[in-house]
Amino acid sequence: MNMQRAWLLAGAALLLGGCALRLPQTERLNKTELKKAEEQLTAFLSQSCVDAVDSDVKLTWRAYAQQETYPAAMQAAAPASLRLALNDPLGRPLLLLGSDGSTFTLADNRKAVGYTGSTELKFVRRFLPAFIPADDLFFWLSGRVRPERLRAAAARSDAQGAIWWHGGSSDGKTVHIFALDSKNRLSRHLIADKKNDEILFEARYSGYKKTPKDCAWPGKIELSGKALEAEYSIEFKELFGFGPLDQQQFQITLPPHFTVKQMTNQD
């Protein structure tokens, strides 16, 4: 397994996807509709939510008429700590990824090679686009939205009556767009090009499961968008807990016999 393929698989945990789509057509709300939408948004943002998860997941990626599925164990904690142990379909360990949001270590067990580096490297940003801050990772995983994304957000409705919130971004080139379902849970989160409304990144959420807090946890996340090289899904098969996680869990110690490669922007 080469480095690019290893990241293609591990990248599913970092929230990736891939195809060019357009935003739904929407129109302005009247005063009554806008008031109801604002009340729903306030309730959504005021919920108390978990800040960590320990789970078993199923990762699937689809590209070039191919599909592959892998079982994995995932631990994540706000804002951007992640540990992913990926197995092959027979249960044999393939990859182990650990990251604190600023640096990562990836162990390829088949080749006995370890890769380390910064999450800001160009290579990593192929899988976690630069318009998604690393500190937003847990928000995307948990079906939440960073409140700052909704400053001066405008509400509009589509032909089916669904409410869409259009918010700005710090780069001035993209917009964040959100839709909530009837139970006040995030159903879609898009990042679109501000000039042409083309979807660069999209997450669709479904199958929510209860947590000890107000917020439910998504049972499945489907990811796509022009900025990505494949379509992905993350299905949470079993949720073991939402309590605090030891930060040492996200630090990967490579075995002594592994060859270690320090990644740079030339890789």
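First, a word on scope: everything that follows refers to the structure included in this document. (Residues numbered from 1 in each chain as written. Predicted model: local features only at pLDDT ≥ 70, side-chain atom pairs only at ≥ 80, totals over all residues. Heavy atoms only, no water.)

1. Observations regarding the pattern of salt bridges
Argument step 1. Evaluated as defined, the whole model comprises 11 salt bridges.
Argument step 2. With a closest N to O distance of 2.7 Å, Asp88 and Arg92 form a salt bridge.
Argument step 3. Owing to a relative accessible area of 2%, Asp88 belongs among the buried residues under this scheme.
Argument step 4. The exposure class of Arg92 is partly exposed, given its relative accessible area of 46%.
Argument step 5. The closest approach of N and O atoms between Glu198 and Lys226, which form a salt bridge, is 2.9 Å. With a gap of 28 residues between them, Glu198 in strand β13 (residues 198–206) and Lys226 in the loop between β14 (220–224) and β15 (231–241) connect regions that are remote in the sequence. (Salt bridge = Lys/Arg side-chain N within 4 Å of Asp/Glu carboxyl O. Buried < 20%, exposed > 50% of the residue type's maximum accessible area, 1.4 Å probe, protein only. Helix = DSSP H or I, 4+ residues; strand = E, 2+ residues; numbered from the N terminus.)

2. Overview of unusual backbone geometry
Argument step 1. In this model, Ala78 is joined to Pro79 through a cis peptide bond whose omega is 0°.
Argument step 2. Tracing the backbone through its elements, the reader meets Pro79 in the loop between β4 (66–77) and β5 (81–87).
Argument step 3. Even without glycine at this site, Ala112 takes up a positive phi of about 55°.
Argument step 4. Along the chain, Ala112 falls in the loop between β7 (103–108) and β8 (113–118).
Argument step 5. With a phi angle near 65°, Asp197 is a residue other than glycine that sits in the positive phi range.
Argument step 6. One can find Asp197 in the loop between β12 (186–193) and β13.

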